[in-house]
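Structure assessment
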Amino acid sequence: MTYSIVARDPATGHLGVAVASRFFAVGSLVPHVHGRLGAIATQAFISPVYGVEGLELLAQGEAPEDIVRLLIGRDEGREHRQFHLIDAQGRTAAFTGGRCVGWAGHLLGNNVSVAGNMLEGPQVVAAALHTYQDNIGLSLPERLMTALEAAEAAGGDKRGRQSAALVVYRDQDYPWLDLRTDDHADPLGELRRLYAVAQEHYLHYAEMLPTRENIHGVTDRTKFDRKMAELEAERSVSGASSASLASNKPRG
């Protein structure tokens, strides 16, 4: 009922998961990510334990293939499960249970893995993988969203569309970007809009947050305020409006 992609940007080490499904709030259960550790997507008959314990095993130094073996080895429901993961070195592993609803399967690539179940066919995961690999010039969030869009164009979830999510971690314990469309007629289009909103303000603010290396963060707003003014001026000159629904709402 879901297709997803987990990936690592080899240039930065950033990790991400993108997922879409005809299932409510898919982003609440499928993605599990931790900066400098890895990314996991658990789906089909979802086991959130795969995500939680998978990250713990990555923290203990276990390799992705060993994590797959350990998790499915003690789960009697494994044949109904599907999950895949990537570690901080870009190593991948995946499992698709034999009783997942067809079409179901996965493909592994260099620093990327794609998996899906209840799909129109194998072309869905193939389109996601090849599109991701063919767009190396895009940022990680853009590549992940473009891969989902290619999968949707190739047939996607055979039941239809409802929700989508995009999660990206840099090198911290908290997400750099965590977007969810929980219930929408066009969840991937809405995910694109949310990403556009994030670029207007949120991602610039995120650069000021405290980190392990700088627990104080940045509290001088001068540079941030200047950037906000520049972006507003650019929109004014071009005639573009904010992508935010809040910004477009009339004051009452």
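Here goes a summary of the coordinates provided.

Now for unusual backbone geometry. Look at the link from G102 to W103: it is a cis peptide, with omega at -10 degrees. Here W103 shows up in the loop between β6 (92–96) and β7 (105–109). A positive phi angle, near 60 degrees, is found at A44, a position not held by glycine. Secondary-structure assignment places A44 in strand β4 (residues 38–44).

The next subject is the sheet that holds strand β8 (residues 112–117). Within the open sheet, the six strands sit side by side as β7-β8-β1-β2-β9-β10. Their pairing is antiparallel. Two strands in the sheet have a free side with no partner beyond their single neighbour: β7 and β10 (177–181). Each strand of the sheet is rotated relative to its neighbour by a mean of 5 degrees, with strand direction disregarded. Relative to strand β9 (residues 163–169), strand β2 (residues 15–21) is paired through seven bridges, and the arrangement is antiparallel. Looking at the pairing, V19 lines up with A165 of β9. Here helix α5 (residues 187–206) sits on the sheet in contact with β1 (2–8), β2, β9 and β10, set at roughly 145 degrees to β10.

Attention shifts here to the sheet that holds strand β5 (residues 81–87). Strand order in this open sheet of four strands is β3-β4-β5-β6, and the pairing throughout is antiparallel. Here the strands that pair on one side only, and so sit at the sheet edges, are β3 (31–34) and β6. Going from strand to strand, the sheet's axes swing by 5 degrees on average, the running direction of each strand aside. Pairing of β5 with β6, which is carried by five bridges, proceeds in the antiparallel orientation. Directly across from F83, in β6, lies its bridge partner F95. Taken strand by strand, helix α1 (residues 48–59) contacts β3, β4 and β5, and its axis lies near 160 degrees from that of β4. Taken strand by strand, helix α2 (residues 64–73) contacts β5 and β6, and its axis lies near 30 degrees from that of β6.

Time to look at the pattern of salt bridges. Evaluated as defined, the whole model comprises 16 salt bridges. With a shortest N-O distance of 2.8 Å, D157 and R159 are connected by a salt bridge. One salt bridge in this structure joins E190 and R193, with 2.8 Å as the shortest N-O distance. Here E190 pairs with R193, and both are found in helix α5, just three residues apart, close to one helical turn. Relative accessible area serves as the criterion here: at 17%, E190 is assigned to the buried category. Each of the salt bridges in this network shares a partner with another, and the network as a whole consists of E142, E149 and R192.

On to the packing of aromatic side chains, then. One pair of aromatic rings is described through two measures. These are the centre distance and the angle between the planes. Throughout the structure, instances matching the rule amount to two aromatic pairs. For the ring pair Y50 and F83, a centre distance of 4.6 Å and an interplane angle of 55 degrees mean the geometry is tilted. With Y50 in helix α1 and F83 in strand β5, this pair connects stretches of sequence that are 33 residues apart. This pair shows no difference in class: Y50 is buried, exactly as F83 is. Each ring, one from Y205 and one from F224, has its centre 6.1 Å from the other, and the planes form 75 degrees; the classification is edge-to-face. Of this pair, Y205 sits in helix α5 while F224 sits in helix α6 (residues 222–238); the two residues are 19 residues apart in sequence, bridging distant segments of the chain. Classification of Y205 by relative accessible area gives partly exposed; the value is 37%. Geometry around Y132 places R143 over its ring, the cationic atom sitting 3.9 Å from the centre.

Conventions we followed
- Residues numbered from 1 in each chain as written.
- Predicted model: local features only at pLDDT ≥ 70, side-chain atom pairs only at ≥ 80, totals over all residues.
- Heavy atoms only, no water.
- Helix = DSSP H or I, 4+ residues; strand = E, 2+ residues; numbered from the N terminus.
- Pairing = 2+ DSSP bridges.
- Axes fitted to C-alpha atoms, helices over the stretch in contact; angles between N-to-C directions.
- Contact = heavy atoms within 4.5 Å.
- Salt bridge = Lys/Arg side-chain N within 4 Å of Asp/Glu carboxyl O.
- Buried < 20%, exposed > 50% of the residue type's maximum accessible area, 1.4 Å probe, protein only.
- Phe/Tyr/Trp six-rings, centres within 6.5 Å; stacked < 30°, edge-to-face > 60°.
- Lys NZ or Arg CZ within 6 Å of the ring centre and 35° of its normal.

Limitation: the analysis is restricted to geometry and does not speak to function.
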